[in-house]
Every structure is written in structure tokens, then in C-alpha cells.
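# Close look at the chain arrangement
The lines below spell out each chain.
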Amino acid sequence: MEHLSRERLEARLGHIRDSPPDRGRLLLLVRRPAPGERDLPGEAVLDQAAGLVGDNWLARGNPNTPDGSANPQAQVTVMNARVAELVACGISRMPLAGDQLYVDLDLSMENLPAGSLLAVGQAVLQVSAKPHTGCAKFVERFGADAMRFVNSRAGRELRLRGMNTRVVVPGTVRLGDLAAKTPAW
């Protein structure tokens, strides 16, 4: 698979910056039942304990927590669908990014600072301060230039790699559902 150069990625930055700031749509749902597996349901349940029901987030845990348990601040990852489609060179490879929700929405730190609420379908997520960065798998799947692009200073500010969230109101989410900034309670 050919990967895009950083120049070609940066040439599409304007399209990414044009993502809706307040109200977008859920364009892709990805459940990871086991390492390396992807399930693309039309709907899923977001739960306060399990995250995306049927995903392996809880069982997989996290080597960076003191006891190896799953990090509740990284329960559900959300990625801008425009970025995912760009680095994946099309929609068919987008699920390889490893995130669960792909939305057409501005996920930048300025637009959705840590603590912000994001309503998706019936559920509400709270944006975590924990940054979401690329890993070796991201480089393998999309190339080193894609990793440098999403982890650049501008990439981090725009959250091109996506953002970590936790479920604060459980509920069902469906493809095409509204994804909208929500006022604090």
C-alpha cells in the first residue's frame, strides 16, 4: 500500500479545517472485538463501564496504568473522518486507524477543550485531557509521514489523530447520528 507524503497530507489541511464546528455526523462506527479485528456495525451502545459494548477496550487494559487496567480517560476514541479517510487513502482502510467513532466535526483543542461534552446519538462523551497520539501500528498502516503529520504541533492542536473521551451518559449511537458540542451541565 502506498502512503501519502507529508506534502500531500498537508495540502488537504484546509479541507480538514473546514469540518463543522458545532454539529456534524457520525460517519463510521468501529468495534474491535479482538486484537487486529474490526467490526463495522450500523449501531452500537456506549456504556459508562464498558465503553463501546463489544469492543475490547476494557479487557485489553492499558500498560500505562499502574495496575494495567483500562484507562477510563481513553474509553472511546473519536477521530475526524476527513483525517482518517486522508491518511487511509480512502474509506475502506479507515477502520485500521483503531478508533471507534469517526465524525465529521472539528475536534480541535480550541473547539473542544478537555472537559467539553460531545453528544453522539443518545450518548454523551466527555473529552479527556489525555492526548491521543499515533503508535507503531499507525506508522505501519499509514506511513511515517502520516504519523509526523498528525503529531506535528498543528496536528496536535487540531487533534488530527483524534481524541480520547469517556462515556458520561450511556446510549445508542447509529451511523448518521448527529455529533454535536453540548453545553456543560
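The coordinates are above.
Just so you know, these numbers come straight off a predicted model, no measurement behind them. (Residues numbered from 1 in each chain as written. Predicted model: local features only at pLDDT ≥ 70, side-chain atom pairs only at ≥ 80, totals over all residues. Heavy atoms only, no water.)

Pairing within the closed barrel is mixed, and its seven strands lie in the order β1-β5-β4-β8-β7-β6-β10. Taken pair by pair, the neighbouring strands of this sheet meet at an average axis angle of 40°, ignoring direction. For strand β1 (residues 23-29) and strand β10 (residues 178-182), the ladder comprises three bridges, and the chain directions are antiparallel. Note that in β10 the partner of Gly24 across the bridge is Ala179. (Pairing = 2+ DSSP bridges. Helix = DSSP H or I, 4+ residues; strand = E, 2+ residues; numbered from the N terminus. Axes fitted to C-alpha atoms, helices over the stretch in contact; angles between N-to-C directions.)

What follows covers the sheet that holds strand β9 (residues 171-174). In spatial order, the strands read β3-β2-β9; together these three strands make up an open sheet with antiparallel pairing. At either end of the open sheet lies a strand with only one pairing partner, and these are β3 (51-52) and β9. For strand β2 (residues 43-47) and β3, the ladder comprises two bridges, and the chain directions are antiparallel. Note on β3: the bridge partner recorded for Asp47 is Gly51.

Two faces make up the sheet, and in a regular strand the side chains alternate between them. Burial along strand β5 (residues 101-104) is two-sided: Leu101 and Val103 and Tyr102 and Asp104, pointing in opposite directions, are all buried. Sheet topology note: the β1/β5 ladder contains four bridges and is antiparallel. Across the sheet, Leu29 pairs through a bridge with Leu101, a residue of β5. Relative to β5, strand β4 (residues 76-80) is paired through three bridges, and the arrangement is parallel. Its bridge partner lying in β5, Met79 is registered against Tyr102. The parallel pair β4 and β5, bridged by helix α4 (residues 81-87), forms a crossover whose chirality is right-handed. (Buried < 20%, exposed > 50% of the residue type's maximum accessible area, 1.4 Å probe, protein only. Right-handed = clockwise from strand over helix to strand, strands pointing away.)

Further remarks concern the packing of aromatic side chains. Following the criterion strictly, the structure yields one aromatic pair and no others. Their ring planes at 65° and their centres at 5.0 Å tell us that Phe138 and Phe142 sit as a pair that is edge-to-face. Separated by four residues within a single helix, Phe138 and Phe142 lie in helix α5 (residues 136-142), roughly one turn from each other. Each member of the pair Phe138 and Phe142 is classed as buried. (Phe/Tyr/Trp six-rings, centres within 6.5 Å; stacked < 30°, edge-to-face > 60°.)

Here we come to the pairing of β2. Residues Ala44 and Leu46 point to one face of β2 and are all buried, whereas Glu43, Val45 and Asp47, pointing to the other face, are not buried. From the end of β2 to the start of β3, which pair antiparallel, there are three residues.

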